[in-house]
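Structural description and commentary
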Amino acid sequence: MADTKREIERKYESDDSGLPDLTGVAGVTAVIDKGVVSLDAVYYDTADERLAAAALTLRRRTGGSDAGWHLKVPVAPGVRDEIREPLSDTVPDTLAALVRSRVREAELLPAVRLRSDRDVRHLMDAQGKLLAEVSVDAVHAERLTEGGGTAQWTEIEVELADDGDPAFLDQVEKRLRKAGVRPSSSASKLARALRETARTARSGKPGSGKSGSEKSGSKKKRKAAPVPAESADPVTAGDHVLAYARAQRDAILELDPAVRQDVYDSVHRMRVATRRLRSTFRSYGKVLDRTVTDPVGDELKWLAGELGADRDREVVTERLVTVLGELPTTLISGPIRTRLDTWANARHGGSRSRLIGVLDSQRYLALLDTLDRVIAEPPLLKDAAGKPEKAIGKAVGKDFGKVSALVEEAIGTPPGADRDLALHEARKKAKRTRYAAEAATPALGAPARALAKSMKALTSLLGEHQDSVMVRVTLRELSVVAHAAGESSFTYGVLYGREEQRAAGVETALPEEWEGIVAEGSVQV
């Protein structure tokens, strides 16, 4: 199992004058010189630098106390998770799997070599506890691909100690800024190395870490590069729909490593992204050609199904554990908790292996390739070029009309299985409308935002009802097994009755909730 370390750090430019005095930083009582260590790291990427584009770094490093393979995954600005494996000659399978959604069928190759002389200081508090490690790194970068160049620079790096307070980094930065030190313009050494070595490869001259306009006193101005399409502010209906679709595609890719590592809630979040994307294709069929997107939507439905294979079981388990905890002990008869644990854990181990198999499958990787093509070369229809207020507003209004019809139908259906099914269908359509409204919010503003909020509340209410339906089905199944084993089925009946009351409460509240949604006027998009 790979070792993971949360890394919280900040980087600063250095003019080779060394490290300013940090003894005045609040909370620091000692600055301990830990000496100089030499580090040698080779960074791997695809030929077209897919990992770098996603702010991922994969390296093999020797020297220092943590020699080995490291994969750094961004978590937030200045925060990364570093996943470590021991030294080996080839990329470890565990790390290769975590970048598979980016690399796919491409080959990982040595891209950049960084050799650094790291002068280390430890900032200690009055109790002798480490607050942060500060280093001055003299870096020499060499691009290893054809035509590569070299560059060198010096930077200051401040890394927070494990379990440290991030606010302490603000105190260090305040002191550094007072001494004239400024934050680095690059998020990582690799990002700077790629930029600097590319520049020196073009010029044929070694880099100093400063370009023409960055050098002190230079009057030269750099010509602005064209803004990439995905970075431009959306204007047309097509722009807005694609921006939302791109965000969901990106979420799938970003969540892939977390799902593989079984990070809490990652499977659910990835499933939601697939649903949002599929809903976008369906809701905005006048913007994106559905003859192209429907087959993609089918594959997204398959992926959502695979991701959600155990979700219903998790929801039911959480609900039953909660209500069992609320029951008086006098109403609990038989080994119901043991039977629930057995039922809940029946598939977990096998399901993890199955899910990893899905993420490693050619079908999944092909879906990612297809999504990239749809985003890069979207099948735009005539309405895509129009004003977003018209095309997007019409699509959202159409979706809401379908929700309205389904809710009214469910309210008018007598209690029972038919109403349960009608409410479930209304919930699914409300989710789709919510996602359509989310996509529309940048274009339509407050009305779309209000509609998304209303649909979220509606799906939450109807979700309570659907959860109750699933729990009752499970209780019937478990009670039959318990009865056959000679166990008491009394408590199952008690729980079943409570779930019936729960569902009835939702059905009673729904008409008033719906009237409130309509009265708010949030549907007028």
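Structure first, text after, so check above.
For the structure given in this document, a descriptive report is provided here. Everything quoted here is computed from the prediction, not taken from an experiment. (Residues numbered from 1 in each chain as written. Predicted model: local features only at pLDDT ≥ 70, side-chain atom pairs only at ≥ 80, totals over all residues. Heavy atoms only, no water.)

Moving on, we get to the sheet that holds strand β2 (residues 30-45). Taken together, eight strands build a closed barrel; the order of strands is β1-β5-β4-β3-β2-β6-β7-β8 and the barrel is antiparallel. Averaged over neighbouring strand pairs, the angle between their axes works out to 35 degrees when direction is ignored. Pairing geometry for strand β1 (residues 3-13) and strand β8 (residues 150-160), over five bridges, is antiparallel. Considered in β8, the bridge of K11 is made with E157. Relative to β1, helix α4 (residues 167-178) is tilted by about 20 degrees, and along the sheet it contacts β1, β6 (109-124), β7 (130-143) and β8. (Pairing = 2+ DSSP bridges. Helix = DSSP H or I, 4+ residues; strand = E, 2+ residues; numbered from the N terminus. Axes fitted to C-alpha atoms, helices over the stretch in contact; angles between N-to-C directions. Contact = heavy atoms within 4.5 Å.)

Attention now goes to the packing of helix α9 (residues 311-326) against helix α16 (residues 490-520). How two helices pack is summed up by the angle between their axes together with the distance between the axes. Where α9 contacts α16, the axes come no closer than 11 Å and their chain directions differ by 105 degrees. When the axis of α9 is compared with that of α16, the two are roughly perpendicular. Contacts between α9 and α16 involve R319, L320, V323 and L324 from the first element and T491, L495, E499 and R502 from the second. Tallied by class, the residues present in the contact of α9 with α16 amount to four nonpolar, one polar and three charged. (Parallel < 35°, antiparallel > 145°, perpendicular 65-115°, else oblique. Nonpolar A, V, L, I, M, F, W, Y, C, P; charged D, E, K, R; others polar.)

Another aspect to go through is the nonpolar core. Grouped together as the largest cluster of nonpolar side chains are 65 residues, with contacts concentrated most on I252, Y284, Y364, I392, M455 and L458. Top contributing element to this core by residue count: helix α14 (residues 417-444), with 11 residues. Dropping the residues within four chain positions of it, Y284 is found in contact with V241, I392, A395, V396, A436, A439 and A440. The next biggest cluster of nonpolar side chains, apart from the first, holds 18 residues, and it includes V323, L340, W343 and L478. (Core = buried A, V, L, I, M, F, W, Y, C linked by side-chain atoms within 4.5 Å. Buried < 20%, exposed > 50% of the residue type's maximum accessible area, 1.4 Å probe, protein only.)

We now examine the packing of helix α13 (residues 388-412) against α14. Two elements in contact, α13 and α14, have axes whose closest approach is 8 Å; the angle formed by their N-to-C orientations is 160 degrees. By the angle class used here, α13 and α14 are roughly antiparallel. The interaxial crossing formed by α13 with α14 has left-handed handedness. Residues that form the contact of α13 with α14 fall into these classes: 18 nonpolar, two polar and seven charged. (Left-handed = near helix turned anticlockwise from the far one by under 90°.)

So, about the environment of D21. Along the chain, D21 falls in the loop between β1 and β2. By relative accessible area, which is 46% here, D21 ends up partly exposed. Residues D21 and D48, spaced 27 residues apart in sequence, show a C-alpha to C-alpha distance of 42 Å. A polar contact of 2.8 Å, which involves the side chain of D21, links it to the side chain of T23. (Polar contact = N/O pair within 3.5 Å; in protein donor to acceptor, adjacent residues only side chain to side chain.)

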